[in-house]
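Residue-level listing of the chains:
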Amino acid sequence: MNIKRFTAPTSREALAKARMAFGDGTLILSNRPTANGVEVVATAEDTLSALDGGGAGNTSSAPLLAPSAPRSSTQPARSSLASQAAAAGLGRNPVEEDTEQLAMSTLSFQDYVRERMLRRRHEALHGAAEAPTLSERSRDQEPERERERMPAPAVARHNPLRTIPMDIPPEPPRRRQEAASAHLIQSSNQQSLMNELHSMKELIEDRFNTLAWLGQARQNPIQSNLMLKMIRAGYSPSLARAVLERMPEDLSAGESVRWLMEVLERNLKTDQTDPPLYEQGGIFAMVGSTGVGKTTTTAKLAAMCARIHGPGSVGLITLDTYRVGAHEQLRTYGRMLGIVAHLAHDRAALQDLLGLLSGKKMVLIDTTGVAPRDPRKRDMLDVLDLPHVNRLLVLNAGCHGDTLDDVLTAFKTDGSQQAILSKVDEAVKLGPAIDALIRHQMVLRGVTNGQRVPEDWERANAHQLISTSMRAPAKSAFDPKATDLNFFFSHSPDTITEGGLVDA
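What counts, and where the lines are drawn
Residue indices follow the written sequence of each chain, beginning from 1 at its first position. At least 70 in pLDDT is required for a residue's local features to be given in this predicted model, at least 80 for side-chain atom pairs to be given and counted, and no such filter applies to totals for whole chains, interfaces and linings, which use all residues. Computation of side-chain values: all heavy atoms of the structure, hydrogens and water removed. Secondary structure elements follow DSSP: runs of H or I of four or more residues count as helices, runs of E of two or more count as strands, with numbering from the N terminus. Note on classification: 1.4 Å probe, protein chains only; a residue is buried when its accessible area is under 20% of the maximum for its type, exposed when over 50%, partly exposed between these limits. In this count, Lys and Arg are taken as positive residues and Asp and Glu as negative ones, while His and the chain termini are left out. Each salt bridge in this description consists of a side-chain nitrogen of Lys or Arg and a carboxyl oxygen of Asp or Glu lying within 4 Å of one another. A contact between two residues is defined here by any heavy atoms of the two lying within 4.5 Å. Each C-beta atom gives one direction from the helix axis, and the arc is the one those directions make. Here an angle of 0 to 180 degrees is reported between the N-to-C directions of two axes, which are lines fitted to C-alpha atoms, with helices fitted over the stretch in contact. Each crossing gets its hand from how the near helix is turned against the far one by less than a right angle, where anticlockwise is left-handed and clockwise is right-handed. Just so you know the grouping, Ala, Val, Leu, Ile, Met, Phe, Trp, Tyr, Cys and Pro go in nonpolar, Asp, Glu, Lys and Arg go in charged, and all remaining residues, Gly too, go in polar. Each angle gets one of four labels, with under 35 degrees taken as roughly parallel, over 145 as roughly antiparallel, 65 to 115 as roughly perpendicular, and the rest as oblique.

> Summarise the side chain of lysine 377; cite the residues concerned and give the values.
Here lysine 377 is to be found in helix H16 (residues 376-383). For the buried residue lysine 377, which engages in no salt bridge, the nearest side chain bearing the opposite charge is aspartate 382, 8.8 Å off. Once residues lying within four places of it in the same chain are set aside, the contact partners of lysine 377 are Val370, Ala371, Pro372, Ala410 and Phe411.

Here it is in structure tokens:
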């Protein structure tokens, strides 16, 4: 085959050089711009005709076939090719068929010639079986990502040059993701259904236990009356049921009341066997919600200690820099008692003041009142996290039981849990406060029942507190009736059964 390259500054001059070399039957194979101008690859039309004739007559040779002319080839050249193929009686030659099947516009001429040589050599060595073409090999080695980007699932394509169809590509990832998401949704639905069934089972068991207990209570009028009395006094149904479930059955009415009072007294922890706070001495920090009487309680303890050991044995520190006039209030109490009140803004200042007052019998720290869910609560407790600093949780005896539970849960710390019950004189019912102290296993260190300093300070007396709480107050719209007991009871919570009741 006679193939030549022609280079010229312009394409017109390059075509003129090719026409001068091959005449009117010039076939332009390719053209591309170069640094010096334009490069044109051309050959003669007779060379292509001879190539077609040699390929049909001798299969053992490996001729070089040229592709059909590109767009730059002339129309007379195409008509001459068609007339020569018709004269030879070959119909459509293999070159034209391969051109249609393999999309010759996307292949270079050199690749096509190499492919034809490999196929002819394979036919000579292995008979009529056709070797895979270059285009088929490149199509088989196509990356997986090209198949995954297909919008629809591909089907097997028929190629006349191959006897075996191409494999169907794997399932697109979008369909796999849809299947996975459907599986997750199904599993989550099953899990939610199981949770609902478990909740329904627990509810049924709880209701059956409640009905069984209420049936037993109706058979025992004493137990039923004591239950109603405890609920009217402000005790929670869970604590009342936990106590009365352990009551012996052979007790009379009077014995049952005394048994109930003794059980509540044993479970209310106090410091009756220990010395009072003002005689024991140490470092104590008053913590609690806003308005529960921390500053007044601090002044009462300072007055009790100063009365016994003298004003020089007491140290006062306040951390309340938020409330207006808080420091002045404690300083006024200090002037009345002859004690200097100090102000600490942060943890470092508190450490310095504690070192300065280390020789005192009792050091009392008044803190800022914060709500149980106030973000500042954590910072305030961190400031008090110092060695030998004991926290006293001040609780308002007039609060609702749920409020006391929230406060006790928020301010509960590791180690000894100590509390002071304030504003007992303002509480209509002491049952909610005593119930919360029993369930949270708090040690009651003192009781305040007024604003007078220090006269309205009392030591914690379990018998007196329980007797006061069980006295029937005036009738209230919140008191339940005997027919309302069905709405109060549920299964005893784990906090009651795990803690246990002493000698119940």
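> An account of H16 is needed here, citing residue identities and associated values.
Turning to H16, its buried residues number three or more, namely Lys377, Met380 and Leu381. End-on view of H16: buried residues confined to an arc of 95°, all on one side of the axis. Elements that come into contact with the buried residues of H16 comprise strand S5 (282-287), strand S9 (389-396) and helix H17 (401-411).

> An account of the pattern of salt bridges is requested, with residue identities and associated values reported.
A pair can form between side chains of opposite charge whenever their charged atoms are brought close. Applying the stated criterion to the full structure yields 12 salt bridges. Close ionic contact of arginine 373 with aspartate 406 constitutes a salt bridge, the shortest N to O distance being 2.2 Å. In this pair, arginine 373 sits in the loop between strand S8 (362-366) and H16 while aspartate 406 sits in helix H17, placing the two residues 33 residues apart along the sequence. Note on arginine 373: relative accessible area 67%, which makes it exposed. In this structure, aspartate 382 engages arginine 378 in a salt bridge whose closest nitrogen and oxygen atoms are separated by 3.3 Å. Of the two residues, aspartate 382 and arginine 378 both sit in helix H16, 4 residues apart, roughly one turn of that helix. Take aspartate 382: its relative accessible area is 34%, and that puts it in the partly exposed class. When salt bridges with common partners are traced through the structure, they connect Arg5, Arg32 and Glu39 into a single cluster.

> A description of unusual backbone geometry should follow, citing residues and the corresponding values.
Here the residue pair valine 453 and proline 454 is connected by a cis peptide bond, since its omega of -5° sits within 30 degrees of zero. Counting through the fold element by element, proline 454 comes out in the loop between strand S11 (443-448) and strand S12 (457-458). Of note in this structure, histidine 388 is not a glycine but carries a positive phi near 65°. Exposure remark for histidine 388: the relative accessible area of 68% places this residue in the exposed category.

> Summarise the packing of H17 against helix H18 (residues 431-439); cite the residues concerned and give the values.
Contact geometry of H17 with H18 gives a least axis separation of 9 Å together with a crossing angle of 35°. The two elements H17 and H18 cross, and the hand of that crossing is right-handed. Mapping the contact onto sequence places Gly401, Leu404, Asp405 and Leu408 in H17 and Pro432, Ala433, Ala436 and Arg439 in H18. Of the residues contributing to the contact of H17 with H18, the split by class is 5 nonpolar, 1 polar and 2 charged.

> An account of the packing of helix H9 (residues 221-232) against helix H10 (residues 237-244) is requested, with residue identities and associated values reported.
Two elements in contact, H9 and H10, have axes whose closest approach is 10 Å; the angle formed by their N-to-C orientations is 150°. In terms of axis orientation, H9 runs roughly antiparallel to H10. At the point where H9 passes H10, the crossing takes the right-handed sense. Listed contacts from H10 to Gln223, Leu226, Met227 and Met230 of H9 are Ala240, Arg241 and Leu244. Looking at the contact of H9 with H10 residue by residue, the class counts come to 5 nonpolar, 1 polar and 1 charged.

> Please set out the environment of methionine 247 residue by residue, giving values where relevant.
Inspection of the secondary structure assignment puts methionine 247 in the loop between H10 and helix H11 (253-267). Relative accessible area serves as the criterion here: at 8%, methionine 247 is assigned to the buried category. Remark: the alpha-carbon pair of methionine 247 and tryptophan 259, spanning 12 residues in sequence, is separated by 7.8 Å. If we ignore the near neighbours within four places in the chain, the residues touching methionine 247 are Gln223, Leu226, Ser256 and Trp259.

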